[in-house]
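Observations on the three-dimensional arrangement
Chain residues, written in single-letter form:
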Amino acid sequence: MANSKYEYVRAFERDEVLLPNTWIVVRIDGRGFHKLSTHYHFTKPNDVRALNLMNLAASHVVASIPDITIAYGVSDEYSFVFHKTTNLFERRCAKLVTTVVSTFTAAYVALWPSTFEASGGGVGDGDGGGGGDALSLTMLPTFDGRAVCYPSWGNLRDYLSWRQVDCHINNLYNTTFWALVQQGGMSPTAAEEHLKGSVSSDKNEILWSKFGINYNDEPDMFRKGSVIFREYALEPSTGPKQEVGIEGADDEVGIEGADDESRGLQSPVTKTQAEKMKKIRRKAKVVTSHVDIIRDEFWLHRPWIRS
Ligand code: ATP
Ligand code: ATP
Ligand code: MG
Ligand code: MG
Ligand code: MG
Ligand code: MG
Ligand code: MG
């Protein structure tokens with residue numbers, strides 16, 4: 001664009017650049033989903049369609065941004081982890097957060113009809129007037145987002161564990177609460193009162209003795225949340241690292257990492273290596289699973305998420 005006398009206003013812009021060499025987590029969360037879930041008649045406590053939709057939208061985000069190495073979701077929230085070496089948008093916070101949140105929201109809205117409207121109908125024609133669960137302009141799903149930097153792998157693991165523990169605690173509570181209301185005929189207030197001060201074992205006991213529900217038999221997606229990552233065809237003999245080509249890359253070495261676009265300060269790799277990694281990431285299958293990410297096992301089997 002040509003220079004103009006107005007161009008000086010650009011100097012007012014301020015960019016927050018996120019700390020180098022840290023794991024960047026962008027967490028998004030549905031705005032007012034308590035109300036939105038009532039409006040669209042979500043099944044309580046866990047509407048499977050709504051969870052599937054969150055997972056599909058998040059999967060789209062991971063697939064379209066190769067720098068995201070893993071994502072974890074529960075309820076109306078999702079955390080996207082950018083590899084610590086990412087240089088996407090020069091690590092500008094606003095760019096990263098807004099791109100994730102709008103990519104997610106766009107996918108969520110685009111995929112809503114196929115997930116929620118079994119009998120067809122389009123975006124915008126749902127007005128709550130009995131026309132199924134089409135999206136209404138007066139109750140559109142929107143999300144907020146934030147970015148947090150975690151300086152060590154341990155911090156990142158603790159972050160993800162924190163979210164998964166939260167999922168467990170909330171789901172145990174919600175499962176018990178809604179069993180008391182839906183099957184036990186209690187009012188929400190009475191159920192809340194009943195559960196006040198109760199610990200995990202109390203809730204397990206209520207579920208089992210009153211409703212014959214073994215909490216451990218509840219679906220994994222409800223109890224553990226959803227994990228999205230790239231899965232590679234694992235050769236049991238060679239292991240994933242060689243398959244992925246991170247450690248075994250045989251490109252020439254010795255080129256300074258300074259002019260490298262995709263890797264950060266502490267792990268200089270060649271441009272060809274970086275390009276190769278990007279290509280591999282882009283082609284890899286993005287999978288969604290409902291597994292424990294607190295213990296080491298998940299991570300030991302998938303070293304490429306960290307490397
Ligand atoms: P805020 O805008 O502050 O995030 P919120 O109403 O979205 O407010 P959250 O703490 O984010 O509050 O909680 C999300 C709420 O959305 C849950 O409490 C639950 O009522 C509802 N919800 C989200 N996902 C589902 C689902 N899959 N099935 C049923 N209800 C859901
Ligand atoms: P970035 O991701 O960096 O923003 P960009 O390709 O979006 O890259 P912009 O500087 O934002 O680049 O410019 C937007 C471009 O989109 C315009 O240069 C123009 O080519 C195209 N564009 C936007 N709106 C229209 C429109 N209404 N009609 C035709 N072209 C458009
Ligand atoms: Mg523009
Ligand atoms: Mg919020
Ligand atoms: Mg919310
Ligand atoms: Mg939430
Ligand atoms: Mg643009």
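Residues numbered from 1 in each chain as written. Chains lettered and ligands numbered in written order. Predicted model: local features only at pLDDT ≥ 70, side-chain atom pairs only at ≥ 80, totals over all residues.

By the naming in an unreviewed UniProt entry, the protein goes by tRNA(His) guanylyltransferase and is assigned to Capronia epimyces CBS 606.96. Quoted verbatim from the Function (unreviewed entry) field of the UniProt record, the comment on the protein reads "Adds a GMP to the 5'-end of tRNA(His) after transcription and RNase P cleavage." Listed in UniProt under the heading Sequence similarities (unreviewed entry), the comment for the protein reads: "Belongs to the tRNA(His) guanylyltransferase family." (UniProt positions renumbered as here; feature names shortened; annotations may be inferred.)

Moving on: the overall build of the protein. The helix and strand tally for the protein stands at 10 helices and 6 strands. Looking at the protein as a whole, 26% of its 307 residues qualify as buried. Considering only contacts in the protein between residues 6 or more positions apart, those separated by 24 or more positions represent 67%. (Helix = DSSP H or I, 4+ residues; strand = E, 2+ residues; numbered from the N terminus. Buried ≥ 20, exposed ≤ 12 C-beta atoms within 10 Å, placed from the backbone. Contact = placed C-beta atoms within 7 Å.)

Let us now look at the UniProt feature "binding site: Mg(2+) 2" (unreviewed entry) in the protein. UniProt marks Asp29 and Asp76 with the feature "binding site: Mg(2+) 2" (unreviewed entry), using the numbering shown here. Spanning 48 residues, the annotated positions come together in the fold, the maximum distance between their C-alpha atoms being 5.6 Å. As for its position among the elements, Asp29 is in strand β1 (residues 23-30). Owing to 15 C-beta atoms within 10 Å, Asp29 belongs among the partly exposed residues under this scheme. If we skip the residues at most four places from it in the chain, Asp29 touches Asp76, Glu77, Phe143 and Asp144. Turning to its location among the elements, Asp76 is positioned in the loop between β2 (68-74) and β3 (77-82).

In the neighbourhood of ligand 1, 16 residues make up the surrounding shell, with Phe33, His34, Phe42, Asp47 and Ala50 lying closest. For the shell around ligand 1, the secondary-structure elements that each account for two or more residues are β1, α1 (33-39) and α2 (48-64). Per-element tally for the shell around ligand 1: the top contributor is α1, with 3 residues. Looking at side-chain class alone, the shell around ligand 1 contains 5 nonpolar, 6 polar and 5 charged residues. (Near = placed C-beta within 6 Å. Nonpolar A, V, L, I, M, F, W, Y, C, P; charged D, E, K, R; others polar.)

To characterise two packed helices, one gives the angle between the axes of the helices and the distance between these axes. Relative to each other, helix α4 (residues 153-183) and helix α6 (residues 200-211) sit at 35 degrees, their axes nearing to 10 Å. The two elements α4 and α6 meet at a crossing, and its hand is left-handed. Seen from α4, the contacting residues are Leu172, Tyr173, Thr175, Thr176, Ala179 and Gln183; seen from α6, they are Ser200, Lys203, Ile206, Leu207 and Phe211. Considering only residue class, the contact of α4 with α6 consists of 6 nonpolar, 4 polar and 1 charged. (Axes fitted to C-alpha atoms, helices over the stretch in contact; angles between N-to-C directions. Left-handed = near helix turned anticlockwise from the far one by under 90°.)

On to the packing of α4 against helix α5 (residues 188-195). Between α4 and α5, the shortest axis-to-axis distance is 9 Å and the interhelical angle comes to 130 degrees. Relative to α5, the element α4 lies oblique. In this structure, α4 crosses over α5, and the sense of that crossing is right-handed. The residues of α5 that touch α4, namely those facing Tyr173, Thr176, Phe177, Leu180 and Val181, are Pro188, Ala191, His194 and Leu195. Looking at side-chain class alone, the contact of α4 with α5 contains 7 nonpolar, 2 polar and no charged residues. (Parallel < 35°, antiparallel > 145°, perpendicular 65-115°, else oblique.)

Along its 17 residues, α2 runs 24 Å from first to last C-alpha, staying within 8% of the 24 Å computed at 1.5 Å per residue. Where α2 is concerned, the buried positions are Ala50, Leu51, Leu53, Met54, Asn55, Ala57, Ala58, Val61 and Val62. (Expected span 1.5 Å × (residues − 1).)

Below, the discussion takes up the nonpolar core. With 42 residues, the main nonpolar core has Ala58, Ala71, Phe80, Val81, Val100 and Phe104 as its most contacted residues. Counting only elements with at least two residues in this core, the list comes to β1, α2, β2, β3, α3 (93-116), α4, α7 (220-224) and β5 (226-231). In this structure, Val100 is in contact with Val26, Ile28, Val61, Phe80 and Gly145, ignoring residues within four places of it in sequence. (Core = buried A, V, L, I, M, F, W, Y, C linked by C-beta atoms within 7 Å.)

On to the sheet that holds β5, then. The antiparallel open sheet is built from 6 strands, whose spatial order is β4-β1-β3-β2-β5-β6. Each of the sheet's edge strands pairs with one partner strand only, and the pair in question is β4 (143-150) and β6 (285-289). Neighbouring strand axes in the sheet, compared pairwise and without regard to direction, differ in orientation by 20 degrees on average. Pairing of β1 with β4 involves 8 bridges; the strand directions are antiparallel. Bridged to Asp29 within β4 is Asp144. Those strands touched by α2 are β2, β3, β5 and β6, and its axis lies near 170 degrees from that of β2. (Pairing = 2+ DSSP bridges.)

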